[in-house]
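# Descriptive structure summary
Spelled out, the chains give:
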Amino acid sequence: MILTPLFILSLGATCLSTGPLPSPDPATGVNRETLYKQGIRFDQFLHQAVERREMWLQNYERATVPDRILKRARAVPGQWYLLVVAEDWCSDSANTIPYLARLVGAVGRLEMRIIDSDVGRTVMDDHRTPDGRAATPTVVLLDANFDEVGCFIERPRELQEWALEHREELDDEEFLRRKFAWYDRDSGVQTMSEVVELLEAGASGSKGC
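So, here is what we can say about the structure in this document. Because the structure is predicted, anything quoted here is derived from the model rather than measured.

This next bit is on the overall build of the chain. Helices and strands together make up the secondary structure of the chain, namely 11 helices and 4 strands. Counting only residues that meet the buried cut, the chain has 50% of its 209 residues in that class. The contacts of the chain with a sequence gap of at least 6 include a subset with a gap of at least 24, amounting to 80%.

Structure (structure tokens):
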């Protein structure tokens, strides 16, 4: 189902939440390398963003990579790719992906491409939130062979745990107020840190999904 921006914004609290879905057949899954090569660079995505454009621009302009995170990321050997499923109207995407773009720009062996939720539907279905939703952003870490080694789904762990615990007791306005306040305080640090954890795990032979 394609959601119009007006309907999406009326949902307020979550990004492309569709409820539990049947498990996809692994045999019909789309090759991750193919999907990655269909993606666009962050600067291209930012140029064409319409919904929440100010939020995207503001977060990217203020994004910085803490030295401790950058040092860890640059110490990871090998070539890595971030395949990102995102939409410009999604507030969680707008509060995480700009920071990952800054991280990617500072780490020579890390690249990123973005696809929309129509193209990336199988990726979202394969990597759902703890409460069973397909959501944006869905970020998959790929190694040099474009094999999956990790994923970051929707929000940083701390915020996701809070959301799952308190969502039902808050109306949309209050939920969004608190969510945005958390993102502002964090300034992308936990998002970048969790992705670097995935890099480190992938380099050691572990998978982070």
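In this section: the pairing of strand E3 (residues 138-142). Both faces of the sheet carry side chains from a regular strand, because those side chains alternate between them. Counting buried positions along E3 yields 5 of 5 residues, so the element is predominantly enclosed. Where burial is concerned, the two faces of E3 agree: the one with Thr 138, Val 140 and Leu 142 and the one with Val 139 and Leu 141 are both buried. By the bridge criterion, 5 bridges tie strand E1 (residues 80-85) to E3 in an arrangement that is antiparallel. Opposite Val 85, over in E3, you have Thr 138 as the bridge partner. Pairing geometry for E3 and strand E4 (residues 148-153), over 5 bridges, is antiparallel. Within E4, the position partnered with Thr 138 by the bridge is Ile 153.

As a further point, take the environment of Arg 72. Structurally, the position occupied by Arg 72 is in helix H5 (residues 67-75). Put simply, Arg 72 and Ser 193 are 121 residues apart on the chain and 9.2 Å apart in space, counted from C-alpha to C-alpha. Excluding its chain neighbours within four sequence positions, the residues that come into contact with Arg 72 are Ser 193, Val 196, Glu 197 and Glu 200.

Right, let's talk about the sheet that holds E4 for a bit. Two modes of strand pairing occur in sheets, parallel and antiparallel, and in both the strands are linked by backbone hydrogen bonds. Read from one edge to the other, the open sheet built from 4 strands follows the order E2-E1-E3-E4, with strand pairing classed as mixed. Edge positions in the sheet fall to strand E2 (110-115) and E4, since each of these pairs with one other strand and no more. Shown here is a sheet whose adjacent strand axes are inclined to one another by a mean of 20°, direction ignored. Together, E1, E2 and E3 form the strand contacts of helix H7 (residues 97-106), whose direction differs from that of E2 by roughly 150°.

Next up on the list: the nonpolar core. One finds Phe 42, Leu 82, Val 84, Ile 97, Leu 103, Leu 110 and Met 112 to be the most contacted residues of the largest nonpolar core, which totals 35 residues. If one sorts the elements of this core by residue count, H7 sits on top with 6 residues. With sequence-adjacent residues up to four places away left out, Leu 82 is seen in contact with Tyr 36, Val 104, Leu 110, Glu 111, Met 112, Arg 113, Val 139, Val 140, Leu 141 and Val 195. In this structure, Tyr 36, Tyr 81, Ile 115 and Val 123 belong to the second largest nonpolar core, which totals 12 residues.

So, on to the packing of helix H9 (residues 157-166) against helix H10 (residues 172-186). Where H9 meets H10, the axes come as close as 11 Å, and the angle between the chain directions of the two elements is 165°. The angle between the axes of H9 and H10 places the two elements in the roughly antiparallel class. The crossing of H9 and H10 is right-handed. Contact with H9, carried on its side by Glu 158, Leu 159, Trp 162 and Ala 163, involves Phe 175, Arg 178, Lys 179, Trp 182 and Tyr 183 of H10 and no other residues of that element. Here the residues of the contact of H9 with H10 sort into 6 nonpolar, no polar and 3 charged.

How each quantity is defined
Residues numbered from 1 in each chain as written. Predicted model: local features only at pLDDT ≥ 70, side-chain atom pairs only at ≥ 80, totals over all residues. Heavy atoms only, no water. Helix = DSSP H or I, 4+ residues; strand = E, 2+ residues; numbered from the N terminus. Buried < 20%, exposed > 50% of the residue type's maximum accessible area, 1.4 Å probe, protein only. Contact = heavy atoms within 4.5 Å. Pairing = 2+ DSSP bridges. Axes fitted to C-alpha atoms, helices over the stretch in contact; angles between N-to-C directions. Core = buried A, V, L, I, M, F, W, Y, C linked by side-chain atoms within 4.5 Å. Parallel < 35°, antiparallel > 145°, perpendicular 65-115°, else oblique. Left-handed = near helix turned anticlockwise from the far one by under 90°. Nonpolar A, V, L, I, M, F, W, Y, C, P; charged D, E, K, R; others polar.

By themselves, these are just geometric observations and shouldn't be taken as functional.
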